[in-house]
Amino acid sequence: MDRSVFLSDIDGTLVRGDVLPAPEVVQAADVFRAAGGLLSLCTGRSEEGARPVAESLSVDTPCVLYGGAALYDFSADRFLWSVPFSPHILDCMERFLREFPHLSLQVLTEQGSFVLRRNALLNAKGVRVENQGPEVPLSALPIPILKLVLCGENREELENCRRCFPPELCCFTFSSRHFVDVVSGETGKARAMAELAERLEIPLSQCLCAGDGMSDLPMLKQAGVAYVPANAPEKVRAAADLVIPAADSGGMATAFLHGARWIHETMQHT
């Protein structure tokens, strides 16, 4: 039988807020690994933002980070693959900052996370480790850039700022009601999952995935088995093979245990 790998989103799927997975989720992840599965993360977070969760789950398989813009190996502490923006993204960011003064803008790079502009919602709901230090000017950013995070109260305003990020250059997706992830138009979570599967020599039919946002939808549709929390948007839930309890109810324990049974059942039919 081919090996299987479980790729889990973090925010809204594994956990809600700046907390670590519950003990029952960690135990269920160990059960999945004991069944022969590999465990990975597929998240919009940066390396520094995902590290505490990866360590809590003892993840030793490369992970999809930055919304699909990079593969990172926490065991070796190195990037394996990345798809940064072209330099034209700086013009897009300049326009965004000028036209949408109430929206925040975070920039994630291999050198770290930078905040060009904050707002109250980012401070309340953003990933804390990625929202540190003073605001920096556009001219001070290191290049290349892997991902942008936009945040605002008004979803319509967030939707309108799509015009600053042309589709031939950017992949623009809502990760939640108030957050938008922007990565290179040449990548995304599904593209990065396919890259990881190829490197692991695992067919997509043996990839199990969990996610709760629109940015997760392409990978959920591509995976062999898809898990979606019950409080995810209807369009995302429609892609689920199994709807699981919400993150704050430890729903990923259900997913990992189901995945372990799925591996055993698959082995019996090979």
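Residues numbered from 1 in each chain as written. Predicted model: local features only at pLDDT ≥ 70, side-chain atom pairs only at ≥ 80, totals over all residues. Heavy atoms only, no water.

Across the sheet, which stays open at both edges, the five strands sit in the order E2-E1-E11-E12-E13 with parallel pairing between neighbours. The sheet terminates laterally at strand E2 (38-41) and strand E13 (242-244), the two strands that pair on one side only. With direction set aside, neighbouring strand axes in the sheet form an average angle of 20°. Sheet topology note: the strand E12 (residues 225-229)/E13 ladder contains three bridges and is parallel. Its bridge partner being in E13, Tyr227 is matched across the sheet by Leu242. (Pairing = 2+ DSSP bridges. Helix = DSSP H or I, 4+ residues; strand = E, 2+ residues; numbered from the N terminus. Axes fitted to C-alpha atoms, helices over the stretch in contact; angles between N-to-C directions.)

Before going further, it helps to examine the side chain of Glu195. Within the secondary structure, Glu195 is located in helix H6 (residues 189-200). Residue Glu195 is classed as buried on the basis of its relative accessible area, which comes to 12%. When neighbours within four sequence positions are excluded, Glu195 is seen to be in contact with Leu71 and Trp81. (Buried < 20%, exposed > 50% of the residue type's maximum accessible area, 1.4 Å probe, protein only. Contact = heavy atoms within 4.5 Å.)

Where empty space is left can be seen by rolling a probe of water-molecule size over the atoms. The volume enclosed by the largest pocket comes to roughly 1,000 Å³. Lining the largest pocket are 38 residues, and of these Asp11, Lys125, Ser175, Ser176 and Phe179 lie nearest its centre. Elements supplying a minimum of two residues to the lining of the largest pocket: helix H4 (120-125), strand E8 (147-151), strand E9 (170-176) and strand E10 (179-184). The element that contributes the greatest number of residues to the lining of the largest pocket is H4, accounting for four residues. Considered class by class, the residues forming the lining of the largest pocket number nine nonpolar, 14 polar and 15 charged. (1 Å grid on protein atoms, 1.4 Å probe; cavity = no way out; pocket = protein on both sides within 12 Å on 5 of 7 lines; lining within 4 Å. Points joined across faces, edges and corners; volume = space filled by probe spheres on them. Nonpolar A, V, L, I, M, F, W, Y, C, P; charged D, E, K, R; others polar.)

Judged by nonpolar contacts, the single largest core of 45 residues is most densely connected at Phe6, Leu14, Leu41, Leu57, Tyr227, Met252 and Phe256. Excluding anything up to four places from it in sequence, Leu57 contacts Leu14, Pro21, Val26, Ala29, Arg33, Leu39 and Leu41. By size, the runner-up hydrophobic cluster in this structure holds 26 residues, among which are Leu71, Trp81, Cys207 and Leu220. (Core = buried A, V, L, I, M, F, W, Y, C linked by side-chain atoms within 4.5 Å.)

Now for the pairing of strand E6 (residues 104-109). Most of E6 sits out of view: six of its six residues are buried. Neither face of E6 is open: one carries Ser104, Gln106 and Leu108, the other Leu105, Val107 and Thr109, and all of them are buried. In terms of strand pairing, E6 meets E8 through five bridges, oriented antiparallel. Across the sheet, the residue bridging to Val107 is Leu148, located in E8.

Before going further, it helps to examine the environment of Thr187. Turning to its location among the elements, Thr187 is positioned in the loop between E10 and H6. Looking at Thr187, the relative accessible area reads 8%, which means it is buried. Spatially, the C-alpha atoms of Thr187 and Ala70 are 9.0 Å apart, while their sequence positions differ by 117 residues. For Thr187, the residues in contact, after removing those within four places along its chain, are Gly68, Ala69, Trp81, Val83, Cys171 and Ala192. A distance of 2.6 Å separates a polar atom in the side chain of Thr187 from the backbone oxygen of Gly68. (Polar contact = N/O pair within 3.5 Å; in protein donor to acceptor, adjacent residues only side chain to side chain.)

A word on helix H1 (residues 23-34). Over its 12 residues, H1 extends 17 Å from the first C-alpha to the last, a length consistent with the 16 Å expected when each residue adds 1.5 Å. Within H1 the residues assigned to the buried category are Val25, Val26, Ala28, Ala29 and Phe32. Projection of H1 onto a plane perpendicular to its axis shows the buried side chains occupying an angular sector of 165°, all on one side. Away from its buried face, by an angle of more than 90 degrees, H1 presents the exposed residues Pro23, Gln27 and Ala34. Summarising the contacts, the buried residues of H1 are in contact with strand E1 (5-8), E2, helix H2 (47-56), strand E11 (207-210) and helix H9 (251-268). Trailing H1 by a residue or two, Gly36 shows a phi angle of about 110°, which is positive. (Expected span 1.5 Å × (residues − 1). Arc of directions from axis to C-beta.)

A separate point is the packing of aromatic side chains. Counted according to the given criterion, the structure contains 11 aromatic pairs. On the numbers, 5.3 Å between centres and 15° between planes, the contact of Phe6 with Tyr227 is stacked. Remark: Tyr227 occurs in strand E12 and Phe6 occurs in strand E1; sequence separation between them is 221 residues. Here the two residues Phe6 and Tyr227 agree in accessibility, since each one is buried. Ring plane angle 25° and centroid distance 6.0 Å describe the contact between Phe96 and Phe100, whose orientation is recorded as stacked. The burial state of Phe96 is the same as that of Phe100; both residues are buried. In this structure an aromatic cluster arises from ring pairing among Phe96, Phe100, Phe165, Phe172 and Phe174. Positioned over the ring face of Phe174 is Arg155, at 3.9 Å from the centre of the ring. (Phe/Tyr/Trp six-rings, centres within 6.5 Å; stacked < 30°, edge-to-face > 60°. Lys NZ or Arg CZ within 6 Å of the ring centre and 35° of its normal.)

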